[in-house]
Amino acid sequence: MKNSIVRTSNHTYVFTAFFFFLLLSSCLTSNDVFDSPYGVPPEHASYIPARIAIAPCQAWPHGARFSELPLSNIVTGDLEALCKKMDAFVLDGFKNQPFMKGYSPEGVRRFLTQNNTPDLLDKSQDIWKHLPSDCSSCKTFPAFYLQSIANRQDWRMWLDTFSKSVKKADAVLLPFIGYAYQKSFNDRGLLISLKAGNAVILLVDTGTATLLWSGGRETTVNTQRLESSDVSKPLDPPPWNDLWDRLFTEDLWKDFPGRQVF
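Residues numbered from 1 in each chain as written. Predicted model: local features only at pLDDT ≥ 70, side-chain atom pairs only at ≥ 80, totals over all residues. Heavy atoms only, no water.

Caption draft 1: Geometry of the environment of Leu71. Tracing the sequence through the fold places Leu71 in the loop between β2 (58–59) and α2 (76–93). Distance in space between the C-alpha atoms of Leu71 and Tyr179 is 6.7 Å, their sequence separation being 108 residues. (Helix = DSSP H or I, 4+ residues; strand = E, 2+ residues; numbered from the N terminus.)

Caption draft 2: Geometry of helix α3 (residues 105–114). Of the positions making up α3, those classed as buried are Pro105, Gly107, Val108, Phe111 and Leu112. Along α3, the residues classed as buried sweep out an arc of 160° about the axis, all on the same side. Counted as exposed and oriented over 90 degrees from the buried face of α3: Glu106 and Gln114. Packing partners of the buried residues in α3 comprise β1 (52–54), α2, β3 (102–103), α4 (120–127) and α6 (153–165). Just downstream of α3, Asn116 is the residue with a positive phi angle, here 60°. (Buried < 20%, exposed > 50% of the residue type's maximum accessible area, 1.4 Å probe, protein only. Arc of directions from axis to C-beta. Contact = heavy atoms within 4.5 Å.)

Caption draft 3: Seen up close, the state of the cysteines. For the coordinates displayed, the defined rule picks out 2 disulfides. With its sulfur 2.2 Å from that of its partner, Cys57 forms a disulfide with Cys83. Taking the torsion about the S-S bond as the criterion, the Cys57 to Cys83 disulfide, at about -60°, is left-handed. With Cys57 in the loop between β1 and β2 and Cys83 in helix α2, this pair connects stretches of sequence that are 26 residues apart. Among the residues examined, Cys57 registers a relative accessible area of 10% and is labelled buried. With a sulfur-sulfur separation of 2.1 Å, Cys135 is cross-linked through a disulfide to Cys138. Between Cys135 and Cys138, the disulfide has an S-S torsion of 105° and is therefore right-handed. Take Cys138: its relative accessible area is 0%, and that puts it in the buried class. Sequence-ordered numbering of the disulfide-bonded cysteines in the chain gives the connectivity 1-2, 3-4. (Disulfide = S-S within 2.5 Å.)

Caption draft 4: Region of interest: the pattern of salt bridges. Inspection of the entire model under this criterion finds 8 salt bridges. Here Asp251 and Arg217 are joined by a salt bridge, their closest N and O atoms 3.5 Å apart. Taken together, the residues Asp251 in the segment after α7 (240–247) and Arg217 in strand β6 (residues 211–226) connect sequence positions 34 residues apart. Ionic pairing is found between Arg259 and Glu250, a salt bridge with its closest N-O pair at 2.9 Å. In this structure Arg259 comes out as buried when scored by relative accessible area, which is 18%. (Salt bridge = Lys/Arg side-chain N within 4 Å of Asp/Glu carboxyl O.)

Caption draft 5: Broad picture of the nonpolar core. Ranked by size, the top nonpolar core spans 40 residues in total, and within it Trp60, Trp128, Tyr145, Trp155, Phe162 and Leu202 carry the most contacts. Only α3, α4, α5 (141–149), α6, β4 (171–187) and β5 (190–205) provide two or more residues apiece to this core. By residue number, the principal contributor to this core is β5, which donates 6 residues. Setting aside residues up to four positions removed in sequence, Phe162 forms contacts with Ala53, Val108, Leu112, Leu120, Leu121, Val172 and Thr206. By size, the runner-up hydrophobic cluster in this structure holds 29 residues, among which are Cys57, Ile74, Leu212 and Trp213. (Core = buried A, V, L, I, M, F, W, Y, C linked by side-chain atoms within 4.5 Å.)

Here it is in structure tokens:
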């Protein structure tokens, strides 16, 4: 009888230990999923796409929200100017890079028009609409894409159509303005006018919707003045150009497949 009791206790101990191991592993995996970092996923570390189609810059889709994403309040004209800056930055990033081969945004638009799919880029925003299954707990742009967008069947069909319309491109580069906003506040007698912005780029395989690489950068600029100073003159906000100069730097390309830093 004693031996039987010992065996039962050992089995219970082993089962309990195994249960807590699975619970701990699940928690670690979940956190990794929500916090997916920028860069190259380990399983794609040695892969370099042969033909990259560069999509025009656009605002991160309004419906694709997650917990750590600030709200934007940038006006349309400033957003368009920012996207032009980003398009120029992305194109410049391909110069003198022998292992980075891509079609420009203008070339992409031309191919889409020639293949009777001129509104395909606009349709992508609709496909990224909010769904109840979206990962609201995700904390990064790559995590949200992987958990909420990559497995959507209509997105995979969009990528297939896009590839066929753009010279069978095996990857699409998607530049986004993640967010951009300005605000003014009083910090214990110090008046502050602040602008903040984020840029994110996703490199997506057109055949599988796999995320091959992602890059992101965020920054702020501000002007400030003591509350006791001359109040007859309003505190001017910093110019958007100051923010863009800090936002579009080489760090945004960190670990891009095949990119050489000279």
